[in-house]
Amino acid sequence: VKNIRLRSRLADVESLNRLLEHKISKTEETAPLIFESETKNEKLVLLSGDLYFIKAEGNYSQFYYNQNNTIKNSLLRLSLKNTETLIEKSNQFLRIHRSYIVNTEKIKRVSSENNIYKIWIDGFSEALPASRQTISEIKNLIQ
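Here we summarise the structure given alongside this text. (Residues numbered from 1 in each chain as written. Predicted model: local features only at pLDDT ≥ 70, side-chain atom pairs only at ≥ 80, totals over all residues. Heavy atoms only, no water.)

**Points about helix α2 (residues 80-87)**
We count it as follows: Categorising residues by exposure relies on relative accessible area from a 1.4 Å probe, with only protein chains included: less than 20% of the type maximum marks a residue as buried, more than 50% marks it as exposed, and the intermediate range marks it as partly exposed. Strands are runs of DSSP state E lasting at least 2 residues, helices are runs of H or I lasting at least 4, and numbering of each runs from the N terminus. The directions considered for the arc are those from the helix axis to the C-beta atoms. Pairs of residues are marked as contacts when any of their non-hydrogen atoms sit within 4.5 Å.
Among the residues of α2, those classed as buried are Leu80, Thr83 and Ile87. Mapping the buried residues of α2 onto a view down its axis gives an arc of 55°, with all of them on the same face. Those residues of α2 that are buried lie in contact with β1 (32-36), β3 (51-57), β4 (60-67), β6 (93-97) and β7 (100-103).

Rendered as structure tokens:
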């Protein structure tokens, strides 16, 4: 039974990777995103195409983004839930895990290891964890 489940997940991941490879039209939104800390003393303004992903750090959010062709990160006192409400209008971002929101245009590939899904982001050497429910949402976004 375990092998059947693993083969099924592997087939899902392989088909998703094929869709990612063959995706022809990438729409890159250039609308500015404004993130203001809950204490109102810090602000981060980014183009949506420059934002790779956001990671929860307790009541803080760590933003990973492109600035002058280098990957930068900034920490703001802004919960991931509040961050998610700021970008919910854009269909370019997806919460893949309780601790991560990713830019779906930056997803390079998806893998499954020992019943754990991982998302690989373009320009990063480490994968991000993803929930099982997220994989079906990613499929729908790509298709």
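**Regarding the packing of aromatic side chains**
Under the convention used in this document: Stacked, edge-to-face and tilted labels apply to pairs of Phe, Tyr and Trp rings (six-membered ring for Trp) whose centres lie within 6.5 Å, assigned for plane angles under 30 degrees, over 60, and everything in between, in that order.
Within the structure shown, the criterion is met by six aromatic pairs. Centroid distance Tyr52 to Phe124: 5.3 Å. Interplanar angle 80°. Geometry classified as edge-to-face. Highlighted residues: Tyr52 in strand β3 and Phe124 in the loop between β9 (116-121) and β10 (128-130), separated in sequence by 72 residues. Take Tyr52: its relative accessible area is 10%, and that puts it in the buried class. Residue class for Phe124 comes out buried when judged on its relative accessible area of 17%. Clustering of aromatic rings is evident, with ring pairs tying together Tyr52, Phe53, Tyr64, Tyr100 and Phe124.

**Focus: the nonpolar core**
Definition in use: In this text, buried Ala, Val, Leu, Ile, Met, Phe, Trp, Tyr and Cys residues form a nonpolar core when linked through side-chain atoms within 4.5 Å.
Of all hydrophobic cores here, the largest spans 20 residues; its most connected members are Phe53, Ile96, Ile107, Val110, Ile119 and Ile121. At the level of elements, α1 (2-22), β3, β6, β7, β8 (107-113), β9, β10 and α3 (132-142) are the ones that each hand at least two residues to this core. Excluding anything up to four places from it in sequence, Ile119 contacts Ile96, Ile107, Arg109, Val110, Ala127, Leu128, Ala130, Ile135 and Ile138. Formed by 15 residues, the second largest nonpolar core is a distinct cluster that contains Leu46, Tyr65, Leu76 and Ile87.

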